[in-house]
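Spelled out from the first residue to the last, the chains are:
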Amino acid sequence: MKIYNSLTRQKEDLTPLESGHFKIYVCGPTVYDFFHIGNARPFIVYDTLRRYLLWLGNQVTYVQNFTDIDDKVIIRANKEGITSKELAETMIGEYFHDADALNIMRASIHPRATESIDDIVRIVKILVDKGHAYVTDDGVYFSIDTFPSYGKLSGHNLDDLIAGASERVSDTENKRNPLDFAVWKFKKEGEPFWPSPWGDGRPGWHIECSAMSLANLGETIDIHAGGVDLTFPHHENEIAQSEAATGKPFVRYWMHNGFVNINYEKMSKSGGNFFTVRDLAERYPYHILRFFILQAHYRMPINFSDELLDATVTSWKRITSSVDHLAFVAKTAPKEATKSEEEQALQDAVTTCRYNWKNAMDDDLNTADAIAALFELVRAANTAASSGDVSAPALLEARDTLIELFGVLGASPSDTKEAACLLRLWRLWKQEPRLKACDYSRADAIRDGIGEGLLKSKIPPGRTGTAPLTRMDDPLYDCSISTFAWVGGAVFELCIRTKLAGDKTQARSPPWRQNLSARRMSGADGALLNDGAFDLTASERNLLQQALNFL
RNA sequence: GGCACCAUAGCCAAGUGGUAAGGCAGAGGUCUGCAAAACCUCUAUUCUCCGGUUCAAAUCCGGAUGGUGCCUCCA
């Protein structure tokens, strides 16, 4: 595959130094707060890269650090009256809570700065011994004048940088060059510290990543990744320190992802315009956030708004409903290949999809294009499923392809929560004898009655019969009764309305809505879903009972 | 001021020399108690603008305009 290398500013063939084994380092979070959707982008993007490399059959050693000692951590901890360590511990736990939910694989190693002090000191010592670093009265500084290629990653001209730095940076007295940066900061009152040959203190930010990369992955690694804002000075400094210390190339491919913007401006905590993933998860499922991020190429900036996430919810449903539908139709489809035109078309679509998907992923991880390829298969599969002349194996192959390839993106369309929740309600309703006796007029009356009687405020003007029945595990949805219908059996349907759709009240049928139609058309009875034991939560049972009281 | 990046439909977004993917929204149709879903059709003769190179440009070059980021902690 090809990857855009920030160092050379062009796409290059991505080959590991050690055949079949990629060594990747991703700059991890500074653990002083919940991370926001902008912070999440690199985690999601590089996790996807990792999944793809694994899918291709490679081994991947993936390191993502926690910066658990830093000005921000110290300030926040002091403010809350706890130790830096306590704050970091808590926030690392919160990181995993969100990251796991975003389906971000745990790194092979999650090193922490405070647990890497020995490695850091060792490198600082090498730098001092080699004359690349010098001691002042407030710390140990790296001397960029001893590293001639400084600026090669960011493309900055040294003179310009110095000019800029001189204007802004006031504490230059101790430094030989205004661009020199601290690799070790001597302790200050109220700050945690560790011993070093030059005095007690704590590591500078940049040296942490260098040390953790060198210690865990070796002197030369394949990929080092992070947000574009880290290019300078963070990554530039990492190169200088690491290469000055080892004398070897530090990183072979540098990858930088674009920002998540709000109103076309960078999302940042200092700017105050940010949404934490935790807050967003109250309104959107985690997999929607992940899918949203992957819909754009990773190097492009993406704008962020509820409106865009709403569109993502709708498009994601197109995928999940197709996947569910295929499984259902396959149950009654011919067992043997039909040799029909439709069957051939579907098989071709699967082949085309795989080809286009891989090409897209190979081209600098173009997930946007890869997703487009998958949508084309969704369309072809829906067409095939509705033709009635495609065999079960062919339908299931299409379904498996979708699940597999979306799975590589870390967003699996099977086994989603909304499907599971609706399944449970479907099973319960199916058992309700009173429902079997309704006719349309009665059903509509019931529907309206529920709407008016139960939850007036939720009924949008001009619509009848939507009433939240239960709140499901997935916080995105209110489950609403939309319609009760009777067609030669107990047939009724649910209508999902996303809370976020607000007044638009875009009603979306659950994935198995198509199951109902198919069942009706084929005349087959029951057996739509496996009737096994099921449990309702107390609140589900309660709300359902309220609804049934109107029958 | 210096250095980068970006500009594609109502919205989002691929496409980097061969005649505009995909999603959302919208319109018409098929199907259907109504509705929804699904499927079909339509929705940018044109890619911010102006020049240039080429048989051929959204794509390459030059310029203009607009936007963003970095140069200070930042994903």
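Residues numbered from 1 in each chain as written. Chains lettered and ligands numbered in written order. Predicted model: local features only at pLDDT ≥ 70, side-chain atom pairs only at ≥ 80, totals over all residues. Heavy atoms only, no water.

1. Some thoughts on the packing of helix 1 (residues 37–55) against helix 13 (residues 392–408)
Point 1. The geometry of helix 1 relative to helix 13 is characterised by a closest axis approach of 8 Å and an angle of 125° between their N-to-C directions. With respect to each other, helix 1 and helix 13 are oriented oblique. Contacts between helix 1 and helix 13 involve Thr48, Arg51, Tyr52 and Trp55 from the first element and Glu404, Leu405, Gly407 and Val408 from the second.
Point 2. Within the contact of helix 1 with helix 13, the residues separate by chemical class into four nonpolar, two polar and two charged. (Axes fitted to C-alpha atoms, helices over the stretch in contact; angles between N-to-C directions. Helix = DSSP H or I, 4+ residues; strand = E, 2+ residues; numbered from the N terminus. Parallel < 35°, antiparallel > 145°, perpendicular 65-115°, else oblique. Contact = heavy atoms within 4.5 Å. Nonpolar A, V, L, I, M, F, W, Y, C, P; charged D, E, K, R; others polar.)

2. Side note on the side chain of Asn303
Point 1. Residue placement: Asn303 occurs in strand 13 (residues 302–303).
Point 2. At 3.2 Å, the side chain of Asn303 forms a polar contact with the backbone nitrogen of Asn263.
Point 3. Polar side-chain contacts of Asn303 include one of 3.1 Å to the backbone nitrogen of Tyr264.
Point 4. Asn303 has contacts with Asn261, Ile262, Asn263, Tyr264, Phe292 and Leu308, leaving out every residue within four places of it along the chain. (Polar contact = N/O pair within 3.5 Å; in protein donor to acceptor, adjacent residues only side chain to side chain.)

3. Considerations on helix 2 (residues 71–80)
Point 1. Val73, Ile74 and Ala77 are the residues of helix 2 that are buried. Considered in projection along helix 2, the buried side chains sweep an arc of 95° and stay on one side of the axis. In this structure, helix 2 carries Ile75 and Lys79 as exposed residues pointing more than 90 degrees from its buried face.
Point 2. Contacts from the buried residues of helix 2 go to helix 3 (84–101) and strand 8 (201–203).
Point 3. The N-cap of helix 2, judged by a side-chain oxygen 2.7 Å from the amide nitrogen of Lys72 a few residues on, is Asp70.
Point 4. Following helix 2 by one or two positions, Gly81 has its phi on the positive side, about 70°. (Buried < 20%, exposed > 50% of the residue type's maximum accessible area, 1.4 Å probe, protein only. Arc of directions from axis to C-beta.)

4. As for the pairing of strand 10 (residues 251–257)
Along any regular strand, the residues point their side chains to alternate faces of the sheet.
Point 1. Judged by how many residues are buried, strand 10 sits mostly within the fold: six of seven residues are covered.
Point 2. Bridge analysis of strand 9 (residues 221–227) against strand 10 gives six bridges, and the strand direction is parallel. When the sheet's bridge partners are listed, His224 is paired in strand 10 with Trp254.
Point 3. Between the parallel elements strand 9 and strand 10, the chain passes through helix 7 (residues 231–246) in a crossover that is right-handed. (Pairing = 2+ DSSP bridges. Right-handed = clockwise from strand over helix to strand, strands pointing away.)

5. Describing the nonpolar core
Point 1. The biggest cluster of nonpolar side chains holds 94 residues, and the ones touching the most others in it are Ile37, Trp357 and Leu395.
Point 2. Broken down by element, this core gets its largest block of residues, eleven residues, from helix 12 (residues 367–387).
Point 3. Residues within four places of Leu395 in sequence aside, it is in contact with Leu326, Val329, Ala330, Ala333, Leu346, Ala384, Ala385 and Val390. (Core = buried A, V, L, I, M, F, W, Y, C linked by side-chain atoms within 4.5 Å.)

6. Structural notes on the environment of Pro233
Point 1. Considering the arrangement of structural elements, one finds Pro233 in helix 7.
Point 2. Measuring from C-alpha to C-alpha, the distance between Pro233 and Phe193 comes to 24 Å, with 40 residues separating the pair along the chain.

7. A look at the sheet that holds strand 10
Point 1. One open sheet holds the four strands; their spatial order is 4-3-9-10, and the pairing between them is parallel. The sheet terminates laterally at strand 4 (59–64) and strand 10, the two strands that pair on one side only. Pairwise comparison of adjacent strand axes, ignoring direction, gives a mean angle of 20° for this sheet.
Point 2. In the sheet, strand 3 (residues 21–26) pairs with strand 4 via six bridges, with the strands oriented parallel. Bridge assignment links Lys23 to a residue of strand 4, and that residue is Thr61.

8. Section: the pairing of strand 9
Point 1. Here strand 9 lies mainly inside the structure; seven of its seven residues are buried.
Point 2. When strand 3 meets strand 9, the two strands line up parallel, connected through three bridges. Paired with Val26 across the strands is Ala225, a residue of strand 9.

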